[in-house]
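Here are the chains, one letter per residue:
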There are 2 protein chains.
Amino acid sequence: MNTIQSDNYPIYFENSIDELANFVKQGHYSRFFILTDENTAEHCLPLVKSKIEDQDNFDIIEINAGEESKDIDFCIGVWKMLIDFGADRKSLLINLGGGVISDLGGFAASTFKRGIDFVHVPTTLLSQVDASVGGKTGIDIDSIKNIIGTFTQPKAVFIELGFLDTLPPRQILSGLAEMLKHGLIQDAAYWHQLKASDLTKPSAELVHRSVAIKNKITIEDPHEKGIRKALNFGHTIGHAVETWSLINDKDHLSHGEAIAIGMICEAYLAHKKTNLPAGDLQEITATLNSLYPRYTIEESSFDTLFEYMKKDKKNQSGNINCTLLTNIGVCNIDNICTEAELRDSLLYYINL
Amino acid sequence: MNTIQSDNYPIYFENSIDELANFVKQGHYSRFFILTDENTAEHCLPLVKSKIEDQDNFDIIEINAGEESKDIDFCIGVWKMLIDFGADRKSLLINLGGGVISDLGGFAASTFKRGIDFVHVPTTLLSQVDASVGGKTGIDIDSIKNIIGTFTQPKAVFIELGFLDTLPPRQILSGLAEMLKHGLIQDAAYWHQLKASDLTKPSAELVHRSVAIKNKITIEDPHEKGIRKALNFGHTIGHAVETWSLINDKDHLSHGEAIAIGMICEAYLAHKKTNLPAGDLQEITATLNSLYPRYTIEESSFDTLFEYMKKDKKNQSGNINCTLLTNIGVCNIDNICTEAELRDSLLYYINL
């Protein structure tokens, strides 16, 4: 499994924790901080610790697992811990966890003392194929996802596939949604390969291919001026449904579950607006509907969902903007959608 | 008065508010937000408004004047206002105010939706010669100054010297400390020119010269890896005294008053450690002591001051780092100072 070269930093796939230990040993840093949550502290931190020779210079910052920890209040907590532990500009932050850890840790590091270095050790499938690649950092305010953030690249990413063995099936499915998206927006062959695979445990080869697709797009357009918007397929509606669920459901949707709903709705929009063939729409709908649990969306929630969509970062001048498809494997960015169109697409999902 | 070209952005000195109106009219932006405080809303906003033709697309975000507003809590307030007003990625934030407004506004803009454009309209002498130039943004946590921030350049700076007419003398003195510093670290002739000038109302030529010095240094070293540390002369001790005063005094020191104390102490350290001639030390001490009011520092506060100094961003591995002088007009960066040396320098000030 080749190391992927991103924008001035490597993404390791083999012996990754050994590579991390080597990186630490190179002597560029004065101090090390590992950002973790109670899950990765239990399942992943022991392996990391066992590989690092000099542990005296390491401090652990542990936050609660879950999307709630991406709120600005937790970010302030991380900053205060870095202050209290005496972190200086030559410190390194190691983000050991899922997307919450890498998004929050990346933002905290990129702004602490105007920026310290950080690396990602993604421990979930979702963060391996999505959050850890591409240099976006972000935190939430009032449950508005990633409303605050920076574009800052990590110094390296260490993908340890063994960590996936400890994940519950629902978390694998969450990451899988982004992998399916990579096929839908860019690579029809990959979509078909995924459909033919055992998706309860995606192979190293599939993870590598997803990272390669995302990496290629983000290198081409790091600041999301154009083609990077391709990655937003399913996310205009998906993020709104995710925010709704986060606020209203005790056992809320995972990111991937919400994005799967978003992809079904936006495939419908694509059929109506960008000529996605009916057969492709049917194939996408059937595949996602068979993999992901049904979710009840009441029509009474539509107006709130539209409000969330209007706050989406991709929009300009108050218009709601979607990335759609023209075929499986081919996307089309910057489609303004009306509330009536969005309503129809949600009804399409509801009436499946 | 020539426009100064900085790192891809212009710094205007003549007809600056007309230039701002032209900039707004060019049509690059969907919405405009003016960050202001109650003072600039009264004294500066009317001129800005009178020059702008289409005011429908403008919203005002007003915060309380004063260093306290640089706290993260106020930054969250600015972010929430931008969310509520529907700011999108094509919005422009216009920072109309002193250093608090430009530091806070710059940080809020550089992180909102992963970065929107901003410009500075500095309204105090301090912000004209210091905060608005060089691309540093910053906010405070627990009164630790600029502990969180980014390096992000504005799209333009509009220096309107007429705004200085409304400032009280104490605020002119605050900015003057940074101008005197520019002479001390880089340009002996400028230092002597300043000493010979009417310093109750610095001329446009002097302001221009200070901006040119700061701009030259920050272009050469935008991320403070080397020569930019020259600008920290007086700030290791000055920032600690400023933080102390901010926490303990009802009528706290201005930034410049604190930096003047810091420059006297650090000139003493320079005499002891980097061979600043006794005559130069005497000249610096006499000049600053005659311009700035005396401030009482108790020996019982020294340990707290050292704690603040240790949290300074310039430090590495727990050592306290100072920029010193070898002569008036020549500086020497990266001098590690012991607590005993710092104690002596504070006693030098106390015993003047």
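Scroll up a little and you will see the structure.
Keep in mind that what you see is a predicted model, and the values were worked out from it rather than measured.

A. A look at the overall build of chain A. Across its full length, chain A carries 14 helices and 11 strands. For 352 residues, the compact-globule estimate of 2.2 N^0.38 gives 20 Å, and chain A sits close to it at 20 Å. Projected onto the principal axes, the alpha-carbon positions of chain A cover approximately 60 × 40 × 35 Å. Considering only contacts within chain A whose residues lie at least 6 apart along the sequence, 76% involve residues at least 24 apart. Carbon together with sulfur atoms contributes 47% to the accessible area of chain A, which is approximately 13000 Å² in total.

B. Spatial organisation of empty space enclosed by the protein. All names here are of chain A. Across all of its chains, the model carries six cavities of 30 Å³ or more by this definition. Taken as a whole, the largest cavity spans an internal volume of roughly 160 Å³. Counting residues per element, the ones that place at least two in the lining of the largest cavity are strand E8 (144-148), helix H10 (235-248) and helix H13 (302-310). No other element matches the four residues that H10 contributes to the lining of the largest cavity. Considered class by class, the residues forming the lining of the largest cavity number five nonpolar, four polar and four charged. Two domains share the lining of the largest cavity, each providing at least three of its residues, namely domain 1 (4-166) and domain 2 (169-350).

C. Structural detail: the interface of chain B and chain A. In this assembly, 35 residues from chain B lie in contact with 35 residues from chain A. With both sides pooled, the region where chain B packs onto chain A buries about 3100 Å², and carbon together with sulfur makes up 63% of that total. For chain B, the biggest contributors to the area lost against chain A are Arg89(B), Arg114(B) and Lys313(B); these three give 25% of the whole. Where chain B meets chain A, there are four salt bridges. A salt bridge links Glu224(B) to Arg89(A), with the nearest nitrogen and oxygen atoms 3.7 Å apart. The tally of links from chain B across to chain A stands at six residue pairs in polar contact (both at pLDDT 80 or more). Elements that contribute at least two residues to the side of chain B that touches chain A include exactly helix H4 (72-84), helix H5 (99-111) and strand E8 (144-148) of chain B. When residues in the side of chain B that touches chain A are grouped by element, the largest group, five residues, is from H4(B).

D. Structural detail: the relation of the copies chain B and chain A. Of the two same-sequence chains, chain B is brought onto chain A (RMSD 0.0 Å, axial shift 0.0 Å) by a rotation of 180°. Such a combination of rotation and displacement between the chain copies is what one expects of a two-fold axis. Most of the interface of chain B is mirrored in chain A: 100% of its interface residues are interface residues there too.

E. Spatial organisation of the environment of Leu342(B). Residues and elements named next belong to chain B. With respect to the helices and strands, the residue Leu342 is situated in helix H14 (residues 339-350). For Leu342, a relative accessible area of 0% translates into the label buried. Considering only alpha carbons, one finds Leu342 and Glu266, 76 residues apart in sequence, at a separation of 8.5 Å.

The rules behind these values
Residues numbered from 1 in each chain as written. Chains lettered and ligands numbered in written order. Predicted model: local features only at pLDDT ≥ 70, side-chain atom pairs only at ≥ 80, totals over all residues. Heavy atoms only, no water. Helix = DSSP H or I, 4+ residues; strand = E, 2+ residues; numbered from the N terminus. Rg over C-alpha atoms; globule rule 2.2 N^0.38 Å. Contact = heavy atoms within 4.5 Å. Areas by Shrake-Rupley, 256 points an atom, 1.4 Å probe, with all protein chains shown as cover. 1 Å grid on protein atoms, 1.4 Å probe; cavity = no way out; pocket = protein on both sides within 12 Å on 5 of 7 lines; lining within 4 Å. Points joined across faces, edges and corners; volume = space filled by probe spheres on them. Nonpolar A, V, L, I, M, F, W, Y, C, P; charged D, E, K, R; others polar. Domains from an automatic or database assignment. Buried area = accessible area lost by both parts, 1.4 Å probe. Salt bridge = Lys/Arg side-chain N within 4 Å of Asp/Glu carboxyl O. Polar contact = N/O pair within 3.5 Å; in protein donor to acceptor, adjacent residues only side chain to side chain. Least-squares fit on C-alpha atoms with pLDDT ≥ 70 in both. Buried < 20%, exposed > 50% of the residue type's maximum accessible area, 1.4 Å probe, protein only.

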